[in-house]
Amino acid sequence: MDKITKDNLDSFMEYYHGFHDSYITHIHYDTYQEKIELSFDVCWSSKPVLREDNTYETNRTKMKMELNRVKQCNIKEIFSWDYINHAFMKYLTLEEEEYLCFASDEEDPLLYIVCEEIEYEDLKESW
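Just so it is clear, the model here is predicted, and its values are computed rather than measured.

> How would you sum up the overall build of the protein chain? Please name residues and give values.
Along the backbone of the protein chain there are 1 helix and 9 strands. Put simply, the protein chain runs from its N terminus to its C terminus through helices and strands in the order β-α-β-β-β-β-β-β-β-β. By the compact-globule yardstick of 14 Å for 127 residues, the protein chain fits well, its C-alpha radius of gyration being 15 Å. In terms of its C-alpha atoms, the protein chain occupies a principal-axis envelope of roughly 55 × 35 × 30 Å.

Here it is, written out as structure tokens:
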């Protein structure tokens, strides 16, 4: 798995287009290990290709994300039709410690997680 760092955070979000039009398909919360595993159907990745019929090939993929040493989380009820418009991911400081925040939206997130580390794997499967 690859790790999200300060150095690659912006390129990660750009590569996956802020998770625009993507869906959270699975959430597993392990309280003992302070870990949350997320699965996504990612609609946009890499550089979209404009086809001859003026539609885009968006490079759909599936992704697994592990959020380790979770400090805070808030997960609302998520339905199959709830999608991400533009995810929020940023380093922030809480209690003089630096954490990474991942949220499905900056203003009104369905999912908000603050943790020490995020690792991810692009499963290279289309959905």
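> Run through unusual backbone geometry, naming residues and quoting values.
You will see that His17, though not glycine, has its phi angle at about 50°, which is positive. You can see His17 is positioned in the loop between helix 1 (9-15) and strand 2 (23-30). Taking relative accessible area as the criterion, His17 reaches 27% and is therefore assigned partly exposed. Positioned with a positive phi, Lys124 is a non-glycine residue whose angle comes to about 55°.

Conventions we followed
Sequence positions are assigned chain by chain, starting from 1 and proceeding in written order. Local features are withheld for residues below a pLDDT of 70 in this predicted model, meaning they are given only at 70 or higher, and side-chain atom pairs are given and counted only at 80 or more; totals for whole chains, interfaces and linings count all residues. Hydrogens are left out, water is left out, and the side-chain values use all remaining heavy atoms of the structure. Counting from the N terminus, the helices are DSSP H or I runs at least four residues long and the strands are E runs at least two residues long. We compute the radius of gyration over the C-alpha atoms and compare it with the globule rule, which gives 2.2 Å times the number of residues raised to the power 0.38. Under the scheme applied here, a residue whose accessible area is under 20% of the maximum for its type counts as buried, over 50% as exposed, and between as partly exposed, the area being computed with a 1.4 Å probe on protein chains only.

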